[in-house]
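The chain contents come next:
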Amino acid sequence: IDRPDLDALIGELCRQLKITRRVGLVVTASRVGPAVVGLFRPTILLPAAVAAGKDADALRPILAHELLHVRRGDLWVGALQIAAQALWW
């Protein structure tokens, strides 16, 4: 599902949050998310059910929340935790 308004919002939020990496957005029919996936190419997964009938301003807090995970490096921390668990067991 193509949402150019949300792509523009992602760019704006990245500038405001001082995120220099390019972050993708996929609006999906899947029931997963909202979530961020991808260590090297972070992408926000946004369920179509969440995005349906909402304009960009209504989705701003959700997208900002997911972008904060990118800024903090939460995906890398999660990957390190999984690696530590694998080594431990």
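Structure report, in brief. (Residues numbered from 1 in each chain as written. Predicted model: local features only at pLDDT ≥ 70, side-chain atom pairs only at ≥ 80, totals over all residues. Heavy atoms only, no water.)

1. Points about the pairing of strand β1 (residues 24–28)
Okay, so step 1: Of all the five residues making up β1, four are buried; the element is thus mostly covered by neighbouring parts of the structure.
Okay, so step 2: Of the pairings in the sheet, the one linking β1 to strand β3 (residues 43–47) comprises five bridges and is parallel in character. From the neighbouring strand, Val26 faces β3, where its bridge partner is Leu45. (Buried < 20%, exposed > 50% of the residue type's maximum accessible area, 1.4 Å probe, protein only. Helix = DSSP H or I, 4+ residues; strand = E, 2+ residues; numbered from the N terminus. Pairing = 2+ DSSP bridges.)

2. Section: the packing of helix α1 (residues 4–16) against helix α3 (residues 56–72)
Okay, so step 1: For the pair α1 and α3, interaxial distance at closest approach is 10 Å and the crossing angle is 50°. Judged on the interaxial angle alone, α3 and α1 are oblique. Note that α1 runs across α3; the crossing there is right-handed. Each of Asp5, Leu6, Leu9, Ile10, Glu12, Leu13, Cys14 and Gln16 in α1 lies in contact with α3, whose residues at this interface are Ala56, Leu59, Arg60, Leu63, Ala64 and Leu67.
Okay, so step 2: Residues that form the contact of α1 with α3 fall into these classes: 10 nonpolar, one polar and three charged. (Axes fitted to C-alpha atoms, helices over the stretch in contact; angles between N-to-C directions. Parallel < 35°, antiparallel > 145°, perpendicular 65-115°, else oblique. Left-handed = near helix turned anticlockwise from the far one by under 90°. Contact = heavy atoms within 4.5 Å. Nonpolar A, V, L, I, M, F, W, Y, C, P; charged D, E, K, R; others polar.)

3. Some points on the nonpolar core
Proteins that are soluble and globular tend to have nonpolar side chains buried together.
Okay, so step 1: Within the largest apolar cluster, 21 residues are counted, with the highest numbers of intra-cluster contacts made by Leu63 and Leu67.
Okay, so step 2: Among the elements of the structure, α1, β1, β3, α2 (48–51) and α3 are those that each provide at least two residues to this core.
Okay, so step 3: By residue number, the principal contributor to this core is α3, which donates six residues.
Okay, so step 4: Setting aside chain neighbours within four positions, we find Leu67 in contact with Ile10, Leu13, Cys14, Leu17, Ile19, Val23 and Ile44. (Core = buried A, V, L, I, M, F, W, Y, C linked by side-chain atoms within 4.5 Å.)

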